[in-house]
Amino acid sequence: MTGPAAGRADAAGSPEVAGALADLVAERSIIVCCGSGGVGKTTAAAVVALEGARLGRNTVVVTIDPAKRLADALGLKGLTDTPSRIEGDWPGQLWATMLDTKSTFDALVVKYAASPEQGERILANRFYRNISGALSGTQEYMAMEKLYELHDETDFDLVVVDTPPTRHALDFLDAPRRLSRFLDHRLFRLLIVPSRGIVKAVNVAAQTFLRTVSRVVGGDVVDDAVAFFQAFEGMEEGFRQRAARVNELLAADGTAFVLVASPRRDTVEEAHFFAERLGEAGIAVRGLVVNRVHPAFGLGADGGRGGGDDGPGAITAMSAAGAARRAETLAGTAIGGLYRNLAEFQAVASREHAHLAGLAEAVAPAPVVWVPFLRSDVHDIAGLGEVAGYVFPRAADVGGG
Amino acid sequence: MDPEQFFAASRLVIVAGKGGVGKTTVSATLARAAALTGLSTLIVEVEGKSGLPAVFGQGELGYDEVVLAAGGGPDGAADVRARTLTADAALVEYLRDHGLSRISRRLVSSGALDVVATAAPGIKDILLLGKVKQLVREGVADLIVLDAPAAGHAITFLQSARSLIDTVNVGPINAQARDVLSLLEDHRQCQVVLVTIPEETPVNEAVETAFSLEDRVGIGLGPIVVNGVYPPIEGLVVDEPAVAATADEADVSLRPGEAVALASAARFRLDRSALQAEQVARLHAQLPLSQLRLPFLFSAEIGPAELDELARVMLAEIDALAGLPQ
């Protein structure tokens, strides 16, 4: 067995590879961080944005549902659609904003409404007000819409976006299409028949159907929906075109997707799934950040540094089984306890390494960085800086502590 | 308290927690623990594909029930079964049971459920919860464990009944919502078990979720499960000379470099254990719920053997709880 050392050296250890992630930040204009819930995506997005500012770029990060203390550190006091600037000792600029699905959608409606009255009628509709919360994929779609807007209509050099922490985190790939389909629904066609004055017979069929639906959910609900689809008439095409442009932007050269994962079996499986889905959409993963990696004590890499330092390299050959055997023969003694502890961490590290090896291969040649367990959760700029030390290792940081 | 009494205290246990805290593992552990006391259990999933069958060493789940862990054996355990519910399937069933099968296929196949669900948010949730309620009422198992959607959505999910009663004020959906609400509010039938890990953000979110569930849903909270706690190891020392001295005492010769590895691994364990203890204490101070602590498993990825180990720890933890205040 090669042990985790090999993977780590390949991953974060070599400066060329580690540099590749910094290159993305230096060269691309959009970086999308995606991955399943609870893997540290928001933190990764903030770290990437911080690096952008450090490289002298005018950077904005769009976060989704950050933990409260991190939100405070980023100056995000409640939902606001306007980015706020974070002052700090870096040559570029760092701005942050939190996604507000509803107001992003509102802005789109206003933009594509044929008249201010049409816009107002839609915004006031109860059915419309439910869409952002109830229609799955809307949050994902609006995250991408926000990204497009920030890229297209502002002068930020780099837009970094976090994706929603849902099981369906990649729904944004087809959310625009799904939304168009929803707005263009057959039922919608039936519903707007009265306003178009088409054949009476169709109208009757539609009315019968609606009456039956009303029996289940009540008449008010159906009336709201009908009013919404009538108000929306004529706007579908604008939405469709916009969605197509968003999708083009996601697949463009200036856009890079970074996959964020943790080394557990289930999250690694989901990361594989994400990489596949992105691949199907013609999008390559340009980087992989693995958070919360256990250190591999005595297996050749000092896990604390994620490969920056080979640590006690002399015992690279000592397999996890060695410590485990000693733990068993010395059970019940103090030294036996020390061996048991070592063996336990080596078992975890080997397992994590095994999970990650396949993932690194699946995203190759994308650079891979490992971020170890940290002493505490990241909730300030200093904490982001600490993570940045692993994600973007500099000569000065390596082995520096 | 007696685990049998504990599990018999409610027919439905809803397991909730944020992503990454091991909610699915805990659902499986609770179910297996209950089965070990002789109660037949059914795990219900509502979010589609999860790691649940893998924990039992099985393939994918579907709408139809499967047995994940057969009972019997020396323990006289009962079966653990599982199934996945989807809103579409629940809707078809619901309409059929209410004499509306004629429109059910059309509603689902035309995708109109999406339109209706947008008109009345929470309708998919209520269809799922309505199905769960039906399972509880039919007594398909002694205990039903519902693996709820992750954190934020769990509150919306469980709140759906209350919101729908306002949106849809007549008809069968309204009746369904009232029915579901009465189940959720009945503390003898239903309780929520929250899951967290002993780290800062998950603890904060567990506290927030607990208060939201009590205030906004009126649902009863059972003990909170603290997952992934490092089991203690006695006598760890964290610097090389002390490690060397410990080895000398036992007449063990260390291989080159081993003292560093042993010492740094010990330091890591003790550091993290201290952080975990801090968070467990903070959780205890902020949330007046009993805690059931499950160990972090170093040995292997969770499969059937590890699940049994966790289930036995769970039973011991329940045993150590004080009786329920009545």
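About the thresholds
Residues numbered from 1 in each chain as written. Chains lettered and ligands numbered in written order. Predicted model: local features only at pLDDT ≥ 70, side-chain atom pairs only at ≥ 80, totals over all residues. Heavy atoms only, no water. Helix = DSSP H or I, 4+ residues; strand = E, 2+ residues; numbered from the N terminus. Buried < 20%, exposed > 50% of the residue type's maximum accessible area, 1.4 Å probe, protein only. Contact = heavy atoms within 4.5 Å. Areas by Shrake-Rupley, 256 points an atom, 1.4 Å probe, with all protein chains shown as cover. Pairing = 2+ DSSP bridges. Axes fitted to C-alpha atoms, helices over the stretch in contact; angles between N-to-C directions. Salt bridge = Lys/Arg side-chain N within 4 Å of Asp/Glu carboxyl O. 1 Å grid on protein atoms, 1.4 Å probe; cavity = no way out; pocket = protein on both sides within 12 Å on 5 of 7 lines; lining within 4 Å. Points joined across faces, edges and corners; volume = space filled by probe spheres on them. Nonpolar A, V, L, I, M, F, W, Y, C, P; charged D, E, K, R; others polar. Buried area = accessible area lost by both parts, 1.4 Å probe. Polar contact = N/O pair within 3.5 Å; in protein donor to acceptor, adjacent residues only side chain to side chain. Core = buried A, V, L, I, M, F, W, Y, C linked by side-chain atoms within 4.5 Å. Phe/Tyr/Trp six-rings, centres within 6.5 Å; stacked < 30°, edge-to-face > 60°. Lys NZ or Arg CZ within 6 Å of the ring centre and 35° of its normal. Expected span 1.5 Å × (residues − 1).

Asks: Just to check I follow, could you spell out the overall build of chain A for this structure?
Replies: Looking only at helices and strands, one finds 17 helices and eight strands in chain A. Relative to its full complement of 401 residues, chain A shows a buried share of 57%. For chain A, contacts bridging at least 24 residues in sequence account for 76% of all contacts bridging at least 6. With the model as given, the accessible surface of chain A reaches about 15,900 Å², and the carbon-plus-sulfur share is 52%.

Asks: Would you take a moment to explain the sheet that holds strand β1 (residues 12-16) of chain B for this structure?
Replies: Backbone-to-backbone hydrogen bonds join strands into a sheet, with any given pair of strands oriented parallel or antiparallel. Residue and element names in this part refer to chain B. Pairing within the open sheet is mixed, and its eight strands lie in the order β3-β4-β2-β5-β1-β6-β7-β8. At either margin of the open sheet sits one strand with a lone partner, and together these are β3 (66-69) and β8 (291-295). Geometrically, the sheet is characterised by an average inter-axis angle of 25° between neighbouring strands, direction not taken into account. By the bridge criterion, five bridges tie strand β2 (residues 41-45) to strand β5 (residues 143-147) in an arrangement that is parallel. Opposite I43, over in β5, you have V145 as the bridge partner.

Asks: What is the right way to look at unusual backbone geometry in this model?
Replies: For residues other than glycine, phi is negative in most cases, and the peptide bonds are mostly trans. Here the bond from A364(A) into P365(A) is cis, since omega is 5°, no more than 30 degrees from zero. Relative to the helices and strands, P365(A) is located in the loop between α16 (334-363) and β8 (368-372). Not every positive phi belongs to a glycine, and R292(A) is a case in point at roughly 60°. The topology assignment puts R292(A) in strand β7 (residues 285-293). A positive phi angle, near 65°, is found at D251(B), a position not held by glycine. Within the secondary structure, D251(B) is located in the loop between α11 (240-249) and α12 (258-286). Given a relative accessible area of 72%, D251(B) falls into the exposed group.

Asks: Even after reading the chapter, I still don't get the environment of F373(A), so can you show me in this structure?
Replies: With respect to the helices and strands, the residue F373(A) is situated in the loop between β8 and α17 (381-391). Residue F373(A) is classed as buried on the basis of its relative accessible area, which comes to 15%. In this structure the C-alpha to C-alpha distance between F373(A) and H294(A), which are 79 residues apart in sequence, comes to 6.2 Å. The residues touching F373(A), leaving out its near neighbours within four places in the chain, are R292(A), V293(A), H294(A), E199(B), F268(B) and R272(B).

Asks: I keep staring at the pattern of salt bridges and nothing clicks. Help me out?
Replies: Opposite charge on two side chains permits them to pair, given that their charged atoms come into close proximity. Residues and elements named next belong to chain A. By the definition in use, this model includes 24 salt bridges over all chains. Linking K146 and E149 is a salt bridge whose minimum nitrogen-to-oxygen distance equals 3.3 Å. Highlighted residues: K146 and E149, both in helix α8 (residues 138-153), separated by three residues, approximately one helical turn. Both residues of the pair, K146 and E149, count as buried. Residue R264 is joined to D266 by a salt bridge in which the shortest nitrogen-to-oxygen separation is 2.7 Å. Sharing partners across several salt bridges, the network here consists of K111, E145, E153 and R242.

Asks: Looking at this structure, I do not really get empty space enclosed by the protein. What am I missing?
Replies: Using a probe with the size of a water molecule, rolled over the atoms, empty space left in the structure can be pinpointed. Residues and elements named next belong to chain B. Here the structure, examined in full by the defined rule, presents four cavities of 30 Å³ or more. Within this model, the second largest cavity holds a volume of roughly 80 Å³. What lines the second largest cavity is a set of 12 residues, and nearest its centre among them are G17, K18, V195, A206 and T209. In terms of residues, the lining of the second largest cavity owes the most to one element, helix α10 (residues 200-217), which gives four residues. Among the residues making up the lining of the second largest cavity, the classes are represented as seven nonpolar, three polar and two charged.

Asks: Which parts of the structure should I look at to understand the interface of chain A and chain B?
Replies: Accessible area lost when the parts come together is the quantity often used to give the size of an interface. Counting residues at the interface gives 57 residues for chain A, matched by 72 residues for chain B. For the pair chain A and chain B, the summed buried surface comes to about 5,600 Å²; carbon and sulfur atoms form 64% of the total. Scanning the region where chain A abuts chain B turns up four salt bridges. Between R351(A) and E301(B) there is a salt bridge; the shortest N-O distance is 3.4 Å. Our enumeration of links across chain A and chain B arrives at 15 residue pairs in polar contact (both at pLDDT 80 or more). Of all the secondary structure elements, the ones that give two or more residues to the side of chain A that touches chain B are α7 (126-134), α10 (186-196), α11 (200-217), α12 (219-232), α15 (320-329) and α16 of chain A. Of the residues contributing to the side of chain A that touches chain B, the split by class is 30 nonpolar, 13 polar and 14 charged.

Asks: Looking at this structure, I do not really get helix α4 (residues 87-97) of chain B. What am I missing?
Replies: Think of an α-helix as turning once every 3.6 residues; residues three or four places apart then point the same way. Of all the positions in α4(B), only A87(B), A90(B), L91(B), E93(B), Y94(B) and L95(B) are classed as buried. Of the residues trailing α4(B), G99(B) is marked for its positive phi of about 70°.

Asks: When you look at the side chain of D186(B) in this model, what are you seeing that I'm missing?
Replies: Residues and elements named next belong to chain B. Within the fold, D186 resides in the loop between α9 (171-185) and β6 (190-196). A relative accessible area of 18% means that D186 is categorised as buried. At 3.0 Å, the side chain of D186 and the backbone nitrogen of R188 are in polar contact.

Asks: What is the right way to look at the nonpolar core in this model?
Replies: General note: in soluble globular proteins, nonpolar side chains tend to be found buried as a group. Residues and elements named next belong to chain B. Counting residues in hydrophobic clusters, the biggest one holds 89 residues, and the most contacted among them are I14 and L158. Each residue touching I14, except ones within four places of it in the same chain, is listed here: L146, A148, L158, L184, C190, Q191, V192, V193 and I219. Core analysis: the next-biggest nonpolar cluster, separate from the first, contains 42 residues, L30, A77, I197 and I302 among them.

Asks: When you look at the pairing of β6(B) in this model, what are you seeing that I'm missing?
Replies: For a regular strand, side chains alternate in direction, first toward one face of the sheet and then toward the other. Residues and elements named next belong to chain B. Here β6 lies mainly inside the structure; seven of its seven residues are buried. Of the two faces of β6, both are covered, the one formed by C190, V192, L194 and T196 as well as the one formed by Q191, V193 and V195. With five bridges joining them, β1 and β6 adopt parallel strand pairing. Pairing of A16 across the sheet is with L194, part of β6.

Asks: Honestly, the environment of N204(B) in this entry has me stumped. Any pointers?
Replies: Residues and elements named next belong to chain B. Among the secondary structure elements, N204 is positioned in helix α10. Take N204: its relative accessible area is 24%, and that puts it in the partly exposed class. Separated by 26 residues in sequence, N204 and R178 place their C-alpha atoms 31 Å apart. Within the structure, N204 has its side chain in polar contact with the side chain of R282 (distance 2.9 Å).

Asks: Would you mind showing me how to read the packing of aromatic side chains here?
Replies: The description of an aromatic ring pair uses the distance of the two centres, along with the angle that the planes make with each other. In the structure shown here, the tally under the stated rule is 19 aromatic pairs over all chains. Both rings, one in F345(A) and one in F298(B), keep their centres 5.1 Å apart while their planes meet at 80°; by these two values the pair is edge-to-face. Of this pair, F345(A) sits in helix α16 while F298(B) sits in the loop between β8 and α13 (304-319), on two different chains. For the pair F6(B) and F7(B), a centre-to-centre distance of 5.1 Å together with 80° between the ring planes defines the contact as edge-to-face. Of the two residues examined, F6(B) and F7(B), each falls in the buried class. Here the aromatic cluster, defined as three or more aromatic residues joined through ring pairs, consists of F105(A), Y112(A), F127(A), Y128(A), F228(A), F232(A) and F239(A). Stacked on the ring of Y63(B), the Lys or Arg R83(B) has its end atom at 4.7 Å from the ring centre.

Asks: Just checking my understanding: could you explain α8(A) for this structure?
Replies: All names here are of chain A. The first and last C-alpha atoms of α8 sit 21 Å apart over 16 residues, in line with the 22 Å expected at 1.5 Å per residue. In terms of residue burial, α8 counts as a mostly covered element, since 12 of its 16 residues are buried. Within the span of α8, buried status applies to T138, E140, Y141, M142, A143, M144, E145, K146, L147, Y148, E149 and L150.

Don't take any of this as a statement about function, it's just geometry.
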